[in-house]
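Each chain, letter by letter, is given below.
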Amino acid sequence: MKCTKCKGSAILELRRHNAAFCAPDFVAFFKNQVREAIRKYRMFSHDERVLVAVSGGKDSLALWDVLIDEGYDTTGLYLDLGIFDYSVESKARCEAFATSRGVPLVISRVADEVGAPVPVIKQVTRRPPCSGCGLSKRYLMNKAAQDQGIAVVATGHNLDDEAATLFGSVMHWQTDALPRQSPALASTHPKLVRRVKPLYRLSERETAAYAFVRKIDYIVDECPFAKGATSITHKETLNRMEEASPGAKHNFLFGFLEKARPAFERIDGVTLNECTRCGQVTSGTVCAFCKLSDQVKRAG
Ligand code: Q46
Ligand code: ZN
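Residues numbered from 1 in each chain as written. Chains lettered and ligands numbered in written order. Predicted model: local features only at pLDDT ≥ 70, side-chain atom pairs only at ≥ 80, totals over all residues. Heavy atoms only, no water.

### Topic: the overall build of the protein
The helix and strand inventory of the protein stands at eleven helices and ten strands. On C-alpha atoms alone, the protein measures out to a radius of gyration of 20 Å, which is about the 19 Å that the 2.2 N^0.38 rule sets for 300 residues. Projected onto its principal axes, the C-alpha positions of the protein cover 65 × 45 × 40 Å. Relative to its 300 residues, the protein shows a buried fraction of 47%. In the protein, the proportion of contacts linking residues at least 24 apart, taken out of those at least 6 apart, comes to 71%. Looking at the protein as shown, the accessible area adds up to about 15,300 Å², and 51% of this sits on carbon and sulfur atoms. (Helix = DSSP H or I, 4+ residues; strand = E, 2+ residues; numbered from the N terminus. Rg over C-alpha atoms; globule rule 2.2 N^0.38 Å. Buried < 20%, exposed > 50% of the residue type's maximum accessible area, 1.4 Å probe, protein only. Contact = heavy atoms within 4.5 Å. Areas by Shrake-Rupley, 256 points an atom, 1.4 Å probe, with all protein chains shown as cover.)

Here it is in structure tokens:
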């Protein structure tokens, strides 16, 4: 297999692009895709700070690596979920990465903010762990960005993640979720920071290859609670479709973004208030995060 660019020996074939690349040309391709994402959605500029949410996995560390290399002023944010060894090891990877690149890393602990780590929240609420975890992550990312005076948070969601989320929303016709499915979400309230996904054009396999080529030490194990999640079933389904027809995931997601998403945008936006307890944004009076911490406190 030869590199499409230089005709040297290729390390990776990208069937949906009808191309194959050697290591240096693959890195160049990867960075171009990130540049294109940032440009197309005007995600951020070189004049502002960017908070990069890192989990210690390949996607978020690959993202941080590219942004540092591209000269962006980044600060990492690690949310310590308190999920057994998984959290201990993923935190160590983020700290080692930040030290090796000489970039700042902010750590926020769910146990400090909510009153208990994710496994305890799961017991107290008797709901799937990802529900309390996801809620806490969104809240704490926004809060950390505000505390740092940073107006934009970047996450490592890739093409596979985005296509799987879209698939799930479409399966249940969650029309409220569809307009929010975007590589860039603008701030709709002074207390809400922008959220962007610069890796949305790159597949999971490509971020893994990038992390490998760049010798990034990331945590390979997934969160122990990820097993059995519906998003994994959706990913498997999409992978089978991709196998039969390369580019299927890309067409599904990009076709939605270009042709269908505008149709789901609501004209009558939701009214946003400030939580009477913590001051963060909510559609009600007390935000879901404050209700969750109350529940945890009551359970002792
Ligand atoms: S939501 Fe669920 Fe993740 Fe939280 S509990 Fe683990 S799997 S970490 S992306
Ligand atoms: Zn609140």
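Still to come is the rest of the account.
### Quick notes on the pairing of strand β5 (residues 105-109)
Sheet topology places strand β4 (residues 73-80) next to β5; five bridges connect them, and they run parallel. Counterpart to Y78 in the pairing with β5 is I107. (Pairing = 2+ DSSP bridges.)

### Comments concerning the sheet that holds β4
Spatial strand order, β5-β4-β3-β6-β8-β7: six strands in an open sheet with mixed pairing. Edge strands, defined here as strands with exactly one partner in the open sheet, are β5 and β7 (184-185). As judged from the three bridges shared by strand β6 (residues 152-154) and strand β8 (residues 194-196), these two strands associate in the parallel manner. Each residue of the ladder has a partner; that of A154, found in β8, is V196. Relative to the sheet, helix α3 (residues 84-101) contacts β3 (49-54), β4 and β5, its axis offset from that of β4 by approximately 165°. (Axes fitted to C-alpha atoms, helices over the stretch in contact; angles between N-to-C directions.)

### With respect to the site of ligand 1
All residues adjacent to ligand 1 are L81, C130, C133, K137, C223, F225 and A226. Its residues assigned to classes, the shell around ligand 1 comprises six nonpolar, no polar and one charged. (Near = heavy atom within 4 Å. Nonpolar A, V, L, I, M, F, W, Y, C, P; charged D, E, K, R; others polar.)

### Observations concerning the pattern of salt bridges
Taken as a whole and judged by the stated rule, the model has 20 salt bridges. Salt-bridge contacts for K249 lead to D160; the nearest nitrogen and oxygen are separated by 2.6 Å. Placement of the pair is K249 in helix α10 (residues 248-264) and D160 in helix α7 (residues 159-171), with a sequence separation of 89 residues. Each member of the pair, K249 together with D160, is buried. The shortest N-O distance in the salt bridge between D161 and K235 comes to 2.6 Å. On the criterion of sequence distance, the pair formed by D161 in helix α7 and K235 in helix α9 (residues 230-244) is long-range, its members being 74 residues apart. The structure contains a network of salt bridges with shared partners spanning K31, D65, D69, R101 and R214. (Salt bridge = Lys/Arg side-chain N within 4 Å of Asp/Glu carboxyl O.)

### What about the layout of surface pockets?
The calculated volume of the second largest pocket comes to roughly 380 Å³. Around the second largest pocket, the lining is made up of 16 residues, and of these S203, R205, N239, E242 and K249 lie nearest the centre. Where the lining of the second largest pocket is concerned, the elements lending two or more residues are β1 (12-14), α7, α8 (204-213) and α9. Per-element accounting of the lining of the second largest pocket gives the leading share, four residues, to α9. When the residues that make up the lining of the second largest pocket are grouped by side-chain class, the tally is three nonpolar, two polar and eleven charged. (1 Å grid on protein atoms, 1.4 Å probe; cavity = no way out; pocket = protein on both sides within 12 Å on 5 of 7 lines; lining within 4 Å. Points joined across faces, edges and corners; volume = space filled by probe spheres on them.)

### Quick look at the coordination of the zinc ion (ligand 2)
Protein-derived ligands of the zinc ion (ligand 2) are C275 (SG), C278 (SG), C287 (SG) and C290 (SG), with the metal-ligand distances lying across 2.2 to 2.4 Å. Classification of the site at the zinc ion (ligand 2) rests on its four donor atoms, whose angles at the metal span 105 to 115°, yielding the label tetrahedral. Site description for the zinc ion (ligand 2): donor spacing in sequence, C-x2-C-x8-C-x2-C. The buried category is assigned to C287, whose relative accessible area is 4%. (Donors = N, O, S within 2.8 Å, 3.2 Å for Na, K, Ca; no water. Tetrahedral: all angles 85-135°; square planar, octahedral: opposite > 155°, others 65-115°.)

### A short note on the side chain of S108
Inspection of the secondary structure puts S108 in strand β5. Judged by relative accessible area, S108 falls into the buried class, the value being 10%. Setting aside chain neighbours within four positions, we find S108 in contact with L77, Y78, L79, D80, E113 and L140.

### Digging into the environment of E243
Locating E243 in the fold gives a position in helix α9. Judged by relative accessible area, which is 55%, E243 ranks as exposed. Sequence separation of E243 and R15 is 228 residues, and the distance between their C-alpha atoms is 9.5 Å.

### Comments concerning helix α2 (residues 58-69)
Compared with an ideal rise of 1.5 Å per residue, which puts twelve residues at 16 Å, α2 spans 16 Å between its outermost C-alpha atoms and is within 8% of the ideal. Within α2, ten of the twelve residues are buried, leaving the element largely enclosed by the surrounding structure. Buried within α2 are the following residues: K58, D59, S60, L61, A62, L63, W64, D65, V66 and L67. The positive-phi residue at the C-terminal boundary of α2 is G71, with phi of around 85°. (Expected span 1.5 Å × (residues − 1).)

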